Amino acid sequence: MTVESTAPRKPRRSAGSKAGSTGAEATDATGTQRTTRTTAKKTTAKKATPAKRAAVARKATGAAQTAGPELVQLLTPEGERVQNAEYDGYVADITPEELRGLYRDMVLTRRFDAEATSLQRQGELGLWASLLGQEAAQIGSGRATREDDYVFPTYREHGVAWCRGVDPTNLLGMFRGVNNGGWDPNGNNFHLYTIVIGSQTLHATGYAMGIAKDGADSAVIAYFGDGASSQGDVAESFTFSAVYNAPVVFFCQNNQWAISEPTEKQTRVPLYQRAQGYGFPGVRVDGNDVLACLAVTKWALERARNGEGPTLVEAYTYRMGAHTTSDDPTRYRGDEERQSWEAKDPILRLRRHLESSNHADEGFFAELEAESEALGRRVREAVRAMPDPDHFAIFENVYADGHALVDEERAQFAAYQASFADVEGV
C-alpha cells in the first residue's frame, strides 16, 4: 500500500495569475483550511546565485511549515467525527465502551504524570519527563499494539507503558534513583526506558529483523521524538529496516520542540517525508486525535505483520510542559503558542465527542475523577515507600559470567563504603 505525500503542493498557475505569486492550501492541526500566499521578486535563472536560490528555498520551506500540515484526522478539536476512506475501517467497529476506555486511559495517564511532576518538585524524584499534551499519540498507538508485539520506548512513553500493563509506580524507580528500570521487559514486551537519544530505534530494528527470521507473526514499534530524528542512529535504523524489510513501525512524536530547538531548525521537509528516501511509506497523523493515532498505527502494524516492511508515523502534537523538570520552556517559546495548542487538547476533544454522542454521562466522569485521585494517592505512597537500593547492585548483571575487572571494582567500592562505618562513641 502506498501512502502519498500529504505535504502542501503548489497548484498550477493559471494564465491569468500574476507572475511571482503562488498560493497553497493546507489543512492545519485544527482541521481548518488556510491559504498562505508568498510573493517573491521575479528573478531569472542566470542572475540567481546558489546562495540566493538556497535562501528562496528556505523561505518556501518556512512558508509551508507556517501554513500548517495536512494530516490524518478522524476527530476534530470540537469533537466532531470526520470521515477518512483510507483509515475509517481500522476504527469502524469501535464501541462506546472502548471510546470510554480510551478516555479513561488518557485521563489516568495525565493524572499520573502530574503526580510525578509534583513529586519531583517536592524532592522525591531526581528528574521527570512529562508527557502533558501527548496522551492521544501514546494511548492511541499503544492500544493499537497486540500482546505479542514488542515496544521500544524513550523515557517519556508513560501512556504506552500504561497500555502495555506496566504498573505506573514501576516507572518511577529509575527517576528516584533506586533501580535501573523497575520492570521486566519481557513480562510486558515493553523495553526499559532509553535515555540515550535515538538508540532505541537501532534496538527495535535489530529485534524486528530477528523475529522476521524466526517467522513470528508479530511486529515491533519504536518511539522517538522530533529531536531524535536528527540522530545518526535513527538514519541507520531506517536504512537497515528498509533493506531487510523489518517488521517495525517508527513512531515519531513530533511535539515541536527538541528541548529548545523548534522543528524547522532540524529539517527542511516534514519529518514523515524522510521515509521516502529510504524506500518505505511515511504518514503524518494528528497526534492530538486518539482515534486517528489508533487507526494509523493499526494500519502500520498490520503492514509490518504482513511482511510489507517498515513504516514511519509522525504524530503531529505538542509538548505542553517542559522538556523535563530541569527545563524552563518560557526561555524559548511564548505563551501564545501553548494557548493555541490548548484549544486542541486531546482529552477535551474526546470528552466533547463522548458528550455529543451520548456515549458518557456525568456519572462516568465523576467516577473517573475519583479513580484519578485514588491513583494519585497510590503513586505518592508507593514512591515514598521505595526502599533504598543495594549499594552493590550496580555490579550485578554487567556480564553473564564473572569478570576480573568488575570484581576488582566491587572490592574497591566495598573498601570505600567501609571507611564510613560508625565509630563507637563518636
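Source: prediction; values computed, not measured.

Parameters at a glance
- Residues numbered from 1 in each chain as written.
- Predicted model: local features only at pLDDT ≥ 70, side-chain atom pairs only at ≥ 80, totals over all residues.
- Heavy atoms only, no water.
- Helix = DSSP H or I, 4+ residues; strand = E, 2+ residues; numbered from the N terminus.
- Buried < 20%, exposed > 50% of the residue type's maximum accessible area, 1.4 Å probe, protein only.
- Contact = heavy atoms within 4.5 Å.
- Areas by Shrake-Rupley, 256 points an atom, 1.4 Å probe, with all protein chains shown as cover.
- Axes fitted to C-alpha atoms, helices over the stretch in contact; angles between N-to-C directions.
- Parallel < 35°, antiparallel > 145°, perpendicular 65-115°, else oblique.
- Left-handed = near helix turned anticlockwise from the far one by under 90°.
- Phe/Tyr/Trp six-rings, centres within 6.5 Å; stacked < 30°, edge-to-face > 60°.
- Lys NZ or Arg CZ within 6 Å of the ring centre and 35° of its normal.
- Pairing = 2+ DSSP bridges.
- Polar contact = N/O pair within 3.5 Å; in protein donor to acceptor, adjacent residues only side chain to side chain.
- Salt bridge = Lys/Arg side-chain N within 4 Å of Asp/Glu carboxyl O.

It is not clear to me how the overall build of the protein chain should be interpreted in this structure. Could you clarify?
Along the protein chain, the regular secondary structure elements total 13 helices and nine strands. When the 426 residues of the protein chain are sorted by exposure, 47% land in the buried category. Considering only contacts in the protein chain between residues 6 or more positions apart, those separated by 24 or more positions represent 72%. About 21,300 Å² of surface is accessible on the protein chain, with carbon and sulfur atoms providing 50% of the total.

Got a minute to help me understand the packing of helix α2 (residues 96-121) against helix α3 (residues 135-144) in this structure?
Packed helix pairs are specified by the crossing angle of their axes together with the interaxial distance, meaning the distance between the axes. Two elements in contact, α2 and α3, have axes whose closest approach is 10 Å; the angle formed by their N-to-C orientations is 130°. Relative to α3, the element α2 is oriented oblique. Of the two possible hands of crossing, α2 and α3 adopt the one that is right-handed. Here Leu-102, Asp-105, Met-106, Thr-109 and Arg-110 of α2 come into contact with α3, specifically with Glu-135, Ala-136, Ile-139 and Arg-143.

Would you mind showing me how to read the packing of aromatic side chains here?
What characterises a pair of aromatic rings is the spacing of the ring centres plus the angle enclosed by the ring planes. Counted by the stated rule, this structure contains 29 aromatic pairs. On the numbers, 6.5 Å between centres and 70° between planes, the contact of Phe-175 with Tyr-193 is edge-to-face. On the criterion of sequence distance, the pair formed by Phe-175 in helix α5 (residues 173-176) and Tyr-193 in the loop between α6 (185-188) and α7 (199-214) is long-range, its members being 18 residues apart. Judged by centre distance (5.3 Å) and plane angle (65°), the rings of Phe-364 and Phe-365 are edge-to-face. Each member of the pair, Phe-364 together with Phe-365, is buried. By way of ring pairs, the aromatic residues Phe-112, Trp-128, Phe-175, Trp-183, Phe-190 and Tyr-193 are connected into one cluster. Sitting over the face of the ring of Phe-365, Arg-351 holds its NZ or CZ atom 3.8 Å from the ring centroid.

When you look at the pairing of strand β9 (residues 311-316) in this model, what are you seeing that I'm missing?
Remember that side chains alternate between the two faces of the sheet whenever the strand is regular. For β9, the buried fraction is high: six of the six residues fall into the buried class. Side-chain alternation along β9 places Thr-311, Val-313 and Ala-315 on one buried face and Leu-312, Glu-314 and Tyr-316 on a second face that is also buried. Summarising the sheet, strand β5 (residues 248-254) and β9 pair through six bridges and their orientation is parallel. Each residue of the ladder has a partner; that of Val-249, found in β9, is Thr-311. As judged from the five bridges shared by strand β8 (residues 282-286) and β9, these two strands associate in the parallel manner. Within the sheet, the bridge partner assigned to Arg-284 lies in β9 and is Glu-314.

What's the story with the environment of Tyr-316 in this structure? I'm lost.
Tracing the backbone shows Tyr-316 in strand β9. Put simply, Tyr-316 and Val-285 are 31 residues apart on the chain and 6.1 Å apart in space, counted from C-alpha to C-alpha. Among the polar contacts listed, one links the side chain of Tyr-316 to the side chain of Gln-256, at a separation of 3.4 Å.

Is there a simple way to think about the pattern of salt bridges in this case?
Close approach of charged atoms allows side chains with opposite charge to pair. Taken as a whole and judged by the stated rule, the model has 23 salt bridges. Residue Asp-286 pairs with Arg-349 through a salt bridge whose shortest N-O separation is 2.9 Å. Of this pair, Asp-286 sits in strand β8 while Arg-349 is found in helix α11 (residues 346-356), placing the two residues 63 residues apart along the sequence. Here Arg-338 makes a salt bridge to Glu-342, at a shortest N to O gap of 2.9 Å. Of this pair, Arg-338 and Glu-342 both sit in helix α10 (residues 335-342), four residues apart, roughly one helical turn. Of the residues examined, Arg-338 reaches a relative accessible area of 28% and is grouped as partly exposed. Overlapping salt bridges, with partners in common, bring together Arg-111, Glu-115, Glu-373 and Arg-380 in one network.

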